[in-house]
Amino acid sequence: MVGLASSIERRNGVSLWRQIADRILQGIASGDFAENAALPPEVVLAERYGVNRHTVRSAIAALVQEGVLKAEQGRGTFVLSRKRLSYPIGARTRFSTGLQGQTTERHIALLSSSTEPASRRIAESLGIAKGAVVIRLETRGEADGHPVSRATTWFDAKRFAGIEAAMAETGSITASLKRFGINDYLRNSTVLSARHADADDIAALDLQPGAIVLVTVAVNVTLDGQPIQFAESRFPAERVELRLSAND
């Protein structure tokens, strides 16, 4: 009890109710709160986390809205059985094939496109000069009509002029790259992290403030090792888990 209460940060910029909601999500993931079972009463959770009942009530209300919990009048609040999507990250990481067998329909929607000078990080990742023009795509991955990822992707504008139009038409990075003669490509590197969703991700992924997103920063290359794509992708932790795979 003491350890859980002491882990709540009261001055870290994240509201207390969101921190409690995240602790409940962690408890569900770890099996402390079983699926289809009743959540402990508010007074018990308030004592466990070292906060008042109003804070616990706000956290529960948010998780009910997110579809994690279900409140039943006169019976209590129950943990809903909900399987997260498992997204594999391996040598050939593809949005559509990665979710195949778990969803019926998969699509990447182009939210916006623009050009900008490459920062040092982008330039080094793409093997181009700092300040060279790159195409920036903002996209959202959707599965069975639900948003499951949001990505910011950069391409060398000289080599991939018009890729934004191809992306808007095909709804697929892989299909778009084929129009530039790239029929296959590999994942060169992936860096994983997690953070609270920012305002843009909250809106695009239909999340509650303070929700956690899993972040991948990746570089894809051609079969002979030429960098072609630099991307930062965000996945809502409540809907998606990332699975490192040694297979394609």
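Everything quoted here is computed from the prediction, not taken from an experiment.

1. Comments concerning the confidence of the model for the protein chain
Reasoning step 1: Averaged over all residues, the pLDDT of the protein chain equals 90, while 92% of them reach at least 70.
Reasoning step 2: Confidence, read as mean pLDDT per element, is least for helix α1 (residues 2–6) in the protein chain (44) and greatest for helix α6 (residues 120–126) (98).
Reasoning step 3: Residue range residues 1–6 is modelled with pLDDT below 50. Its contacts to residues more than four positions away, or to other chains, number six contacts.

2. Some points on the packing of aromatic side chains
Reasoning step 1: Across all of its chains, the model carries five aromatic pairs by this definition.
Reasoning step 2: Seen from their ring centres, Y87 and F235 are 5.1 Å apart, and the 40° between their planes marks the pair as tilted. Here the residue Y87 occupies a position in strand β3 (residues 85–89), and F235 occupies one in strand β9 (residues 227–236), the gap between them amounting to 148 residues.
Reasoning step 3: Overall, Y87 belongs to the buried group, its relative accessible area being 8%.

3. Side note on unusual backbone geometry
Reasoning step 1: Of note, the phi angle at D144 is positive, near 50°, even though the residue is not glycine.
Reasoning step 2: Within the fold, D144 resides in the loop between β5 (133–143) and β6 (146–156).
Reasoning step 3: D144 sits in the partly exposed class, given a relative accessible area of 36%.
Reasoning step 4: Phi at D206 takes a positive value of approximately 55°, unusual for a residue other than glycine.
Reasoning step 5: Looking at where D206 falls in the secondary structure, it is placed in the loop between α9 (199–205) and β8 (212–221).
Reasoning step 6: For D206, a relative accessible area of 59% translates into the label exposed.

4. Things to note about the packing of helix α3 (residues 42–49) against helix α4 (residues 53–65)
Reasoning step 1: Put simply, α3 and α4 touch, their axes get as near as 8 Å, and they point 105° apart. Judged by the angle between their axes, α3 and α4 are roughly perpendicular. In this structure, α3 uses E42, V43, L45 and A46 to contact α4, whose residues at the interface are R53, V56, R57 and I60.
Reasoning step 2: Per-class residue counts for the contact of α3 with α4 are five nonpolar, no polar and three charged.

Quick notes on the rules
Residues numbered from 1 in each chain as written. Predicted model: local features only at pLDDT ≥ 70, side-chain atom pairs only at ≥ 80, totals over all residues. Heavy atoms only, no water. pLDDT = per-residue confidence, 0-100. Helix = DSSP H or I, 4+ residues; strand = E, 2+ residues; numbered from the N terminus. Contact = heavy atoms within 4.5 Å. Phe/Tyr/Trp six-rings, centres within 6.5 Å; stacked < 30°, edge-to-face > 60°. Buried < 20%, exposed > 50% of the residue type's maximum accessible area, 1.4 Å probe, protein only. Axes fitted to C-alpha atoms, helices over the stretch in contact; angles between N-to-C directions. Parallel < 35°, antiparallel > 145°, perpendicular 65-115°, else oblique. Nonpolar A, V, L, I, M, F, W, Y, C, P; charged D, E, K, R; others polar.

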